[in-house]
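A structural walkthrough
One letter stands for each residue in the lines below.
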Amino acid sequence: MTYNINNKGYYGEFGGAYIPEMLYPNVEELRQNYLKIMAEPSFKEEFDQLLKDYVGRPSPLYFAKRLSEKYNTKIYLKREDLNHTGAHKINNTIGQILMAQRLGKKRIIAETGAGQHGVATATVCALMGMECIVYMGEIDIARQAPNVARMKMLGATVIPALSGSRTLKDATNEAIRDWINNPVDTHYIIGSVVGPHPYPDMVARFQAVVSEEIQWQLQEKEGKTTPDYVVACVGGGSNAAGAYYHYLENTDVKLIAVEAAGKGVHTGESAATSVLGKEGIIHGSKTLLMQTDDGQITEPYSISAGLDYPGVGPMHAHLYKTGRAEFIAITDDQAMNAGLELSQLEGIIPAIESSHAFAVLKEKKFKKDDVVVINLSGRGDKDLQNYIDYFKL
Ligand SMILES: *Cc1c(COP(=O)(O)O)cnc(C)c1O
């Protein structure tokens, strides 16, 4: 049994590239080149240099003393919240912009829901002086005004998706249409471990820097490279994929994937794909997704915009199906309270997405000697209004 991708682009039965004929040349060009390019010494050098000097890596692995005392176990936080732009997403967009340059592309397109991936993409386009077009649902543009302003400030063009429910999936359709019409000069930066092969694998490899660092940081602090548990929230699954990556095949390391239960898994307002999802095809890959009996994608719900996604990437579908990762669903209320607790015990205000991972501490009993690494995927600045409204601060 392997938990990584096979040479056909599948994790077990999930993955592949289910794309329209017209998109085939673009995806195939990427598939044929991505591993070769990533292995070039000059690519590695530039990627590592930018992660260090621009993103601010390595991100610290912080021993959370007061949190550990409260839960009577050893808790380390992987501080992706300290990255430039405030989350892990920049690791992937840096990798993909370098990939686009090596492929000779001049123009970048992306889709965004809450705007976080749009901002991370607009950031690296400004860094490299490349044209940037971000598709975003009209409804999301209205809901996420600060991120729209950030993208514009960074020089990106934000194009509203006016069809369907005018949210993420419609923005994705527009981006795919653009890519079909501009196959030669354009690269499509996907923001998570989703989409047709090779995207899930490429994004996982760019995010793998997270567990690569955890290994040597734990060696320094605990005298061993492996924790007992790695805990991460899952929207599409990229921060989790990065935190798990170097531990996937080592089953001594237990993996916990935290999904958003929204108002409760069975309330109809949830994004807990592992519980509610069925096999199907979304964004060009075969995976688990939330859908009606006749196969229409259902609108997910979570208080956190980054977990509000109707599927999970194929790696996570496989980790669920095989039992390699334990999936836990956390409600809005549980997440918000965990975010407040982390703020007051450690002086760190987490993104609401990351707060979901912390809520696991109340759900699951860890042993005193367990080393538990929680991936703190992002900082809470962007969520302050949500915290204010929820706690009436
Ligand atoms: C986007 C986002 C997520 C969810 O995306 P994944 O691909 O599942 O990691 C989680 N946390 C933060 C802070 C985000 O911005």
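Since the structure is predicted, the reported quantities are computational estimates derived from the model, not experimental observations.

This part is about the sheet that holds strand S3 (residues 61-63). Read across the sheet, six strands follow the order S3-S4-S14-S9-S10-S13 without closing on themselves; strand pairing throughout is mixed. Each edge of the open sheet carries a strand with a single partner, namely S3 and strand S13 (325-331). This sheet shows a mean twist of 25° between the axes of neighbouring strands, independent of strand direction. Direction of pairing for strand S9 (residues 229-233) relative to strand S10 (residues 254-262): parallel, over a ladder of five bridges. Paired with Val231 across the bridge in S10 is Ile256. Sitting on the sheet, helix H14 (residues 332-346) touches S3, strand S4 (74-79), S10, S13 and strand S14 (371-376), and the angle it makes with S13 is about 95°.

We now examine the pattern of salt bridges. Proximity of charged atoms lets side chains of opposite charge pair with each other. Scanning all chains against the criterion turns up 26 salt bridges. Across the pair Lys78 and Glu213 runs a salt bridge whose closest N-O atoms are separated by 2.7 Å. Here Lys78, found in strand S4, pairs with Glu213, found in helix H10 (residues 209-222); they are 135 residues apart in sequence, far enough to count as distant. Each member of the pair, Lys78 together with Glu213, is buried.

So, on to the site of the ligand. Around the ligand lies a shell of 15 residues, among which Lys89, Ser192, Gly235, Gly237 and Ser238 are the nearest. At a separation of 3.2 Å, an oxygen atom of the ligand approaches a polar backbone atom of Gly236. Note that an oxygen atom of the ligand is positioned 2.7 Å from one of the side-chain N or O atoms of Ser238. Within the complex, 97% of the 380 Å² of free accessible area of the ligand lies under protein. Of the residues contributing to the shell around the ligand, the split by class is three nonpolar, 10 polar and two charged.

Turning our attention to the side chain of Glu111. Note on placement: Glu111 falls in strand S5 (residues 107-112). Comment: no salt bridge for buried Glu111; closest opposite-charge side chain is Lys89, at 9.8 Å. Only 2.6 Å separates the side chain of Glu111 from the side chain of Tyr188, close enough to count as a polar contact. Apart from the residues lying within four places of it in its own chain, the contact partners of Glu111 are His117, Tyr135, Leu168, Ala171, Thr172, Ala175, Tyr188 and Ile189.

On to the packing of aromatic side chains. As enumerated under the stated definition, the model contains 10 aromatic pairs in all. Ring geometry for Trp179 against Tyr188: centres 5.7 Å apart, planes inclined by 75°, an arrangement best described as edge-to-face. Owing to a relative accessible area of 3%, Trp179 belongs among the buried residues under this scheme. We classify Tyr188 as buried; its relative accessible area is 3%. By way of ring pairs, the aromatic residues Phe43, Phe47 and Phe206 are connected into one cluster. The aromatic ring of Tyr301 is capped on one face by Lys263, whose charged end is 5.1 Å from the ring centroid. Here the guanidinium or amino end of Arg324 rests over the ring plane of Tyr3, the centre of that ring lying 5.7 Å away.

For the rest of this paragraph, the subject is the sheet that holds strand S7 (residues 157-161). Strand pairing in a sheet takes place through backbone hydrogen bonds and is either antiparallel or parallel in direction. Reading across the sheet, the four strands line up as S7-S6-S5-S8 and stay open at both edges, with parallel pairing between neighbours. Of all strands in the sheet, those with a lone pairing partner are S7 and strand S8 (186-188), marking the two edges. Averaged over all neighbouring strand pairs, the angle between strand axes comes to 25°, with direction disregarded. Here S5 runs beside strand S6 (residues 131-137); their pairing, made up of six bridges, is parallel. Note on S6: the bridge partner recorded for Glu111 is Tyr135. The strands touched by helix H5 (residues 116-128) are S5 and S6; relative to S5, the strand with the most contacts, the crossing angle is about 165°.

Here is what the cut-offs are and how they apply
Residues numbered from 1 in each chain as written. Predicted model: local features only at pLDDT ≥ 70, side-chain atom pairs only at ≥ 80, totals over all residues. Heavy atoms only, no water. Pairing = 2+ DSSP bridges. Helix = DSSP H or I, 4+ residues; strand = E, 2+ residues; numbered from the N terminus. Axes fitted to C-alpha atoms, helices over the stretch in contact; angles between N-to-C directions. Contact = heavy atoms within 4.5 Å. Salt bridge = Lys/Arg side-chain N within 4 Å of Asp/Glu carboxyl O. Buried < 20%, exposed > 50% of the residue type's maximum accessible area, 1.4 Å probe, protein only. Near = heavy atom within 4 Å. Polar contact = N/O pair within 3.5 Å; in protein donor to acceptor, adjacent residues only side chain to side chain. Areas by Shrake-Rupley, 256 points an atom, 1.4 Å probe, with all protein chains shown as cover. Nonpolar A, V, L, I, M, F, W, Y, C, P; charged D, E, K, R; others polar. Lys, Arg positive; Asp, Glu negative; His and termini not counted. Phe/Tyr/Trp six-rings, centres within 6.5 Å; stacked < 30°, edge-to-face > 60°. Lys NZ or Arg CZ within 6 Å of the ring centre and 35° of its normal.

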